[in-house]
Amino acid sequence: METTFTYMADGVLTVDLTGNIIHANPVAKNILSLESTDEKFNDVIVNLKDSISIEHIKSKGYHGTDLAEKNGETYNIDYAPFMNNKNEIGGVIVVFKNITEQHRIDKLQKEFVANVSHELKTPITTIKSYSETLLDGALEEKETAEEFLNVINSESDRMTRLVTDLLRLSKMDYEQTNWNKERINLQDMVNMIIKKLQIQINEKNINIHLNIPDDINIMFDRDGFEQILLNIAGNAVNYTLEKGNVWISAKKDNKNVVVSIKDDGQGIPKEDQDRIFERFYRVEKARARGLGGTGLGLSIAKEIAEAHNCSITVNSRIDKGTEMIITIPE
Ligand SMILES: Nc1ncnc2c1ncn2[C@@H]1O[C@H](COP(=O)(O)OP(=O)(O)OP(=O)(O)O)[C@@H](O)[C@H]1O
Ligand SMILES: [Mg+2]
């Protein structure tokens, strides 16, 4: 029993009905900063949560559960009575479980749902109000009607993109994506991506500089790699001013292929650089200028990369530009 208590991951403490500590395992001692079991329960539990005392536990019929936070960790506190040899309540067993990670995931999930709802609500509101105006008579004026229908059309496109991105992420979450690794010639792939971005490139007069040796091949899922490049190169074009530059280059380095996508655009503030790979994260400045989409592009790119043991890192300086580096092992 002693060994079990000593090595278990949860903190366990037993206390008698007058509040004397009978036993505390090392984890419980650590959580409560308890030096010896001579201390009174009420005097040490305040280190974790001041609303719990032996009197409080008694008022709950010796059964209960509670949450507490200490030094950035979250603990679940469970208590239950134990019987003595006369079959009366002899005291209480208190169990402390560190649920920090679970708590963090719960919070992320809630934020995710809030973000999705918000992102869907905006286009729906627009579609609703424009179609209402059309029904109220705007349909009669051909020019206005066409303008409104264009807005409805592009807002539906935005919703479609969002839902496609979400489905992709959800499939990856459930590990339902079948990656089909095949040999891909990097130069061919980059040329194809440039074609797909050509409209935006032309609209903004972006200069593209390519430096990709024709003998570099990688083993990767074709759609997956296309998505990574499209999301990263798309950002480079999107977050760069008119007549800006985008450089795409690749080299072999040891056993890796290293692809660099660099721009001389607005850059990303230092404090945001770690967070841009999170779902829905967008730098405030880009948002304020009305640039960008939903903030899912990089999180998708990163998850695909990780599923292929690849990494994506960022170097960026505000107003100087951004470089994204994809490292692909051979
Ligand atoms: N090359 C870049 N230069 C400057 N900022 C960038 C660059 N790439 C990404 N960012 C910043 O990182 C944020 C997250 O990028 P991400 O691609 O994930 O989302 P997004 O472009 O806003 O939307 P979408 O889901 O449509 O791609 C962007 O909103 C932008 O603020
Ligand atoms: Mg993007």
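Residues numbered from 1 in each chain as written. Chains lettered and ligands numbered in written order. Predicted model: local features only at pLDDT ≥ 70, side-chain atom pairs only at ≥ 80, totals over all residues. Heavy atoms only, no water.

(A) Inspection of the overall build of the protein at higher detail. Scanning the protein from N- to C-terminus turns up 12 helices and 12 strands. The C-alpha radius of gyration computed for the protein amounts to 29 Å, which surpasses the reference 20 Å derived for 330 residues by more than 25%, pointing to a less compact arrangement than a globule. The buried share among the 330 residues of the protein stands at 38%. For the protein, restricting intrachain contacts to residue pairs at least 6 apart in sequence, the fraction spanning at least 24 positions comes to 58%. Total accessible area computed for the protein in this model is approximately 19600 Å², and 49% of it derives from carbon and sulfur atoms. The centroid of the 39 positive side-chain charges in the protein is displaced by 3 Å from the centroid of its 52 negative side-chain charges. (Helix = DSSP H or I, 4+ residues; strand = E, 2+ residues; numbered from the N terminus. Rg over C-alpha atoms; globule rule 2.2 N^0.38 Å. Buried < 20%, exposed > 50% of the residue type's maximum accessible area, 1.4 Å probe, protein only. Contact = heavy atoms within 4.5 Å. Areas by Shrake-Rupley, 256 points an atom, 1.4 Å probe, with all protein chains shown as cover. Lys, Arg positive; Asp, Glu negative; His and termini not counted. Charge placed at Lys NZ, Arg CZ, Asp CG, Glu CD.)

(B) View of the site of ligand 1. The environment of ligand 1 is made up of 19 residues, and the closest members are Asn235, Tyr239, Asp263, Leu296 and Leu298. With respect to ligand 1, the side chain of Asn235 contributes an N or O atom lying 2.8 Å from an oxygen atom. A distance of 2.9 Å separates an oxygen atom of ligand 1 from a polar backbone atom of Gly297. When the free accessible area of ligand 1 is taken as 600 Å², the share hidden by the protein chains comes to 91%. Every element with two or more residues in the shell around ligand 1 is listed here: helix H9 (222-238) and helix H12 (297-307). Residues belonging to the shell around ligand 1 are distributed by class as follows: nine nonpolar, eight polar and two charged. (Near = heavy atom within 4 Å. Polar contact = N/O pair within 3.5 Å; in protein donor to acceptor, adjacent residues only side chain to side chain. Nonpolar A, V, L, I, M, F, W, Y, C, P; charged D, E, K, R; others polar.)

(C) Inspection of the domain arrangement of the protein at higher detail. Under the domain assignment used here, the protein contains domain 1 (2-98), domain 2 (103-173) and domain 3 (181-329). Relative to domain 3, the C-alpha centre of domain 1 lies at a distance of 52 Å. (Domains from an automatic or database assignment.)

(D) Main features of the packing of aromatic side chains. The final tally for this structure, using the stated rule, is three aromatic pairs. Measuring from centroid to centroid gives 5.6 Å for Phe112 and Phe280, while their planes differ by 55°, and the two rings are tilted. One end of the pair, Phe112, is in helix H5 (residues 100-135); the other, Phe280, is in the loop between helix H10 (270-273) and helix H11 (284-288), and 168 residues separate them in sequence. Classification of Phe112 as partly exposed rests on a relative accessible area of 25%. The exposure class of Phe280 is buried, given its relative accessible area of 7%. Directly above the aromatic system of Trp247 lies the positively charged group of Lys262, at a separation of 4.6 Å from the ring centroid. (Phe/Tyr/Trp six-rings, centres within 6.5 Å; stacked < 30°, edge-to-face > 60°. Lys NZ or Arg CZ within 6 Å of the ring centre and 35° of its normal.)

(E) Representation of the sheet that holds strand E1 (residues 11-16) in the model. The sheet built from five strands is open, its strands ordered E2-E1-E5-E4-E3 with antiparallel pairing. Each edge of the open sheet carries a strand with a single partner, namely strand E2 (21-24) and strand E3 (64-70). Direction aside, neighbouring strands of the sheet carry axes that sit 20° apart on average. Where E1 meets E2, three bridges bridge the pair, whose relative direction is antiparallel. Among the inter-strand pairings, Leu13 is bridged to a residue of E2, identified as Ala24. The sheet strands contacting H5 are E3, strand E4 (73-83) and strand E5 (89-98), and the helix crosses E4 at an angle near 125°. (Pairing = 2+ DSSP bridges. Axes fitted to C-alpha atoms, helices over the stretch in contact; angles between N-to-C directions.)

(F) The packing of H5 against helix H6 (residues 142-173), seen in detail. Running from amino to carboxyl end, H5 crosses H6 at an angle of 160°, the nearest separation of the two axes being 9 Å. Relative to H6, the element H5 lies roughly antiparallel. The interaxial crossing formed by H5 with H6 has left-handed handedness. Looking at the contact of H5 with H6 residue by residue, the classes come out as 17 nonpolar, five polar and three charged. (Parallel < 35°, antiparallel > 145°, perpendicular 65-115°, else oblique. Left-handed = near helix turned anticlockwise from the far one by under 90°.)

(G) Fine view of the pattern of salt bridges. Under the definition given, this model contains 13 salt bridges. The salt bridge involving Lys128 is made with Glu132; its shortest N-O contact spans 3.3 Å. With a gap of four residues between them, Lys128 and Glu132 both fall in helix H5, about one helical turn apart. For Glu132, a relative accessible area of 39% gives the class partly exposed. In this structure, Arg222 and Glu182 form a salt bridge, with 3.4 Å as the shortest nitrogen-oxygen distance. Of this pair, Arg222 sits in helix H9 while Glu182 sits in strand E6 (residues 181-185), and the two are 40 residues apart along the sequence. A relative accessible area of 36% means that Arg222 is categorised as partly exposed. Each member of the salt-bridge network shares a partner with another, and the members are Asp173, Arg279 and Glu303. (Salt bridge = Lys/Arg side-chain N within 4 Å of Asp/Glu carboxyl O.)

(H) Highlighting H12. Along H12, the residues classified as buried are Leu298, Ser299, Ile300, Ala301, Ile304 and Ala305. Check the buried side of H12 and you find it contacts H6, strand E8 (217-221), H9, strand E11 (311-317) and strand E12 (321-329). Looking one or two residues past H12, Asn309 carries a phi angle of roughly 60°, positive in sign.

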